[in-house]
Amino acid sequence: MKVYLTRHGQTDWNVQRKVCGRSEAHLTDLGRQQAAQMAEKVAATGVNLILASPMERTRDTARIVAGRIGVPVMPEPRLIEQDFGSYDGRSMDDPEYLARRENLLWHFPGGESTAQVIHRAYGVLEDVRRKYADRTVLLVTHGCFCRAARTYFMDVEPGGYYQFYMNNCD
């Protein structure tokens, strides 16, 4: 089994530098171009199954890739972005948001903690290993989920969790 992870294409909220968890954001023209460029790269990998978060931005990204390589897209609800609760829609540069997110155990009011996202990511990756051992799978998801999934594959130094950043369609 091989597994690839990618973050959705650029959205209107990315451009506005808004915290975007469970709110819907729409791919920009650049986001659709990024997905098309990624589809060309994915075509060379042998991906034969795409699992996507239920959010519009990931579904649209997955559809663009699937249209190029001709493979099915299956929804996977656990690939959804972190729930930032009342912080959703705030500026990504908000000092309170930046300080709060450093505590991986802190629950965003009305949302979830980073530790919960990490737990969810591990469950998805274990299930993909078990269910799709004979497949090459692309997971189309979100930045925070990708950061969490990274810890499944490599150790992260204390304080280093947020030093990893995945660009759109990387």
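Below, the structure is looked at part by part. (Residues numbered from 1 in each chain as written. Predicted model: local features only at pLDDT ≥ 70, side-chain atom pairs only at ≥ 80, totals over all residues. Heavy atoms only, no water.)

**Looking at helix α6 (residues 143-153)**
Side chains of residues three or four places apart in an α-helix project in the same direction, reflecting 3.6 residues per turn. Cut-off, in case you're wondering: Three labels apply to residues, based on accessible area from a 1.4 Å probe with only protein chains included: buried if under 20% of the type maximum, exposed if over 50%, partly exposed otherwise in between. Helical segments are the DSSP runs of H or I of at least four residues, strand segments are the runs of E of at least two, and each set is numbered from the N terminus. Residue contacts are counted whenever heavy atoms from the two residues lie within 4.5 Å of one another.
Of all 11 residues in α6, 9 are buried, a share of seventy percent or more. Buried-residue contacts for α6 involve β1 (2-7), α5 (114-131) and β4 (136-141).

**Topic: the environment of V3**
Among the structural elements, V3 can be located in strand β1. Look at V3 and you get partly exposed, because its relative accessible area is 22%. V3 sits 135 residues away from L138 along the chain, and the two C-alpha atoms are 5.9 Å apart. Residues in contact with V3, not counting those within four places in the same chain, are V128, V137, L139 and F153.

**Focus: the side chain of Q82**
As a reminder of what qualifies: Two N or O atoms count as a polar contact when they lie within 3.5 Å, although within protein this holds only if one can serve as hydrogen donor and the other as acceptor, and sequence-adjacent residues are included solely when both atoms are side-chain atoms.
Tracing the sequence through the fold places Q82 in the loop between β3 (73-75) and α4 (95-101). A relative accessible area of 1% places Q82 in the buried class. Engagement of the side chain of Q82 in a polar contact is seen with the backbone oxygen of E112, the distance being 3.2 Å. When sequence neighbours within four positions are dropped, the list of residues in contact with Q82 reads G21, R22, F108, E112, S113, T114, V117, R120, C144 and Y162.

**Observations regarding the packing of α5 against α6**
In plain terms, the rule: Under this scheme, a helix contributes an axis fitted over its contacting stretch, all axes are lines through C-alpha atoms, and angles between N-to-C directions fall in the 0 to 180 degree range. Roughly parallel refers to an angle under 35 degrees, roughly antiparallel to one over 145, roughly perpendicular to one between 65 and 115, and oblique to any angle outside these ranges. Take the far helix as the reference: if the near one is turned anticlockwise from it by less than a right angle, the crossing is left-handed, and if turned clockwise, right-handed. Each residue gets one of three labels, nonpolar for Ala, Val, Leu, Ile, Met, Phe, Trp, Tyr, Cys and Pro, charged for Asp, Glu, Lys and Arg, and polar for the others, Gly among them.
Contact geometry of α5 with α6 gives a least axis separation of 8 Å together with a crossing angle of 65°. Judged by the inter-axis angle, α5 sits roughly perpendicular to α6. Of the two possible hands of crossing, α5 and α6 adopt the one that is right-handed. Here α5 contributes V117, I118, R120, A121, Y122, V124, L125, E126 and R129 to the contact with α6, which in turn contributes C144, F145, A148, A149, T151, Y152 and F153. Classifying every residue of the contact of α5 with α6 by side-chain character gives 12 nonpolar, 1 polar and 3 charged.

**So, the sheet that holds β3**
Applicable threshold: If DSSP finds at least two bridges between two strands, the strands pair.
On the basis of which strands lie adjacent, the open sheet formed by 4 strands has the order β1-β4-β2-β3 and parallel pairing. Looking at which strands have only one partner, the edges of the open sheet turn out to be β1 and β3. Strand-to-strand twist in this sheet, taken as the mean axis angle between neighbours without regard to direction, amounts to 25°. Packing against the sheet, helix α3 (residues 56-69) makes contact with β2 (49-52), β3 and β4, and its axis sits at approximately 170° to β2.

**Quick notes on the packing of aromatic side chains**
The condition is simple: Whether two aromatic rings pair depends on their centres lying within 6.5 Å, for rings of Phe, Tyr and Trp, where Trp uses its six-membered ring; planes under 30 degrees apart make the pair stacked, over 60 edge-to-face, and the rest tilted.
This structure, assessed with the given rule, holds 9 aromatic pairs. With centroids separated by 5.1 Å and ring planes inclined at 85°, the aromatic side chains of F84 and F108 adopt a geometry described as edge-to-face. With F84 in the loop between β3 and α4 and F108 in the loop between α4 and α5, this residue pair connects regions lying 24 residues apart in the sequence. Seen in terms of ring centroids, Y122 and Y152 are 5.2 Å apart; in terms of plane orientation they differ by 80°. Their pairing is edge-to-face. Linking Y122 in helix α5 with Y152 in helix α6, this pair joins segments that are 30 residues apart in sequence. Clustering of aromatic rings is evident, with ring pairs tying together F84, Y87, Y97, W106 and F108.

**Quick notes on the nonpolar core**
Heads up, the condition is: Remark: nonpolar core denotes a set of buried residues (Ala, Val, Leu, Ile, Met, Phe, Trp, Tyr, Cys) joined through side-chain atoms within 4.5 Å.
Counting residues in hydrophobic clusters, the biggest one holds 18 residues, and the most contacted among them are L51, V128, V137 and L139. For this core, the elements supplying multiple residues, two or more each, are β2, α5, β4 and α6. Residues in contact with L139, not counting those within four places in the same chain, are V3, Y4, L5, T6, L51, L79, L125 and V128. Formed by 15 residues, the second largest nonpolar core is a distinct cluster that contains V42, V65, A66 and I69.

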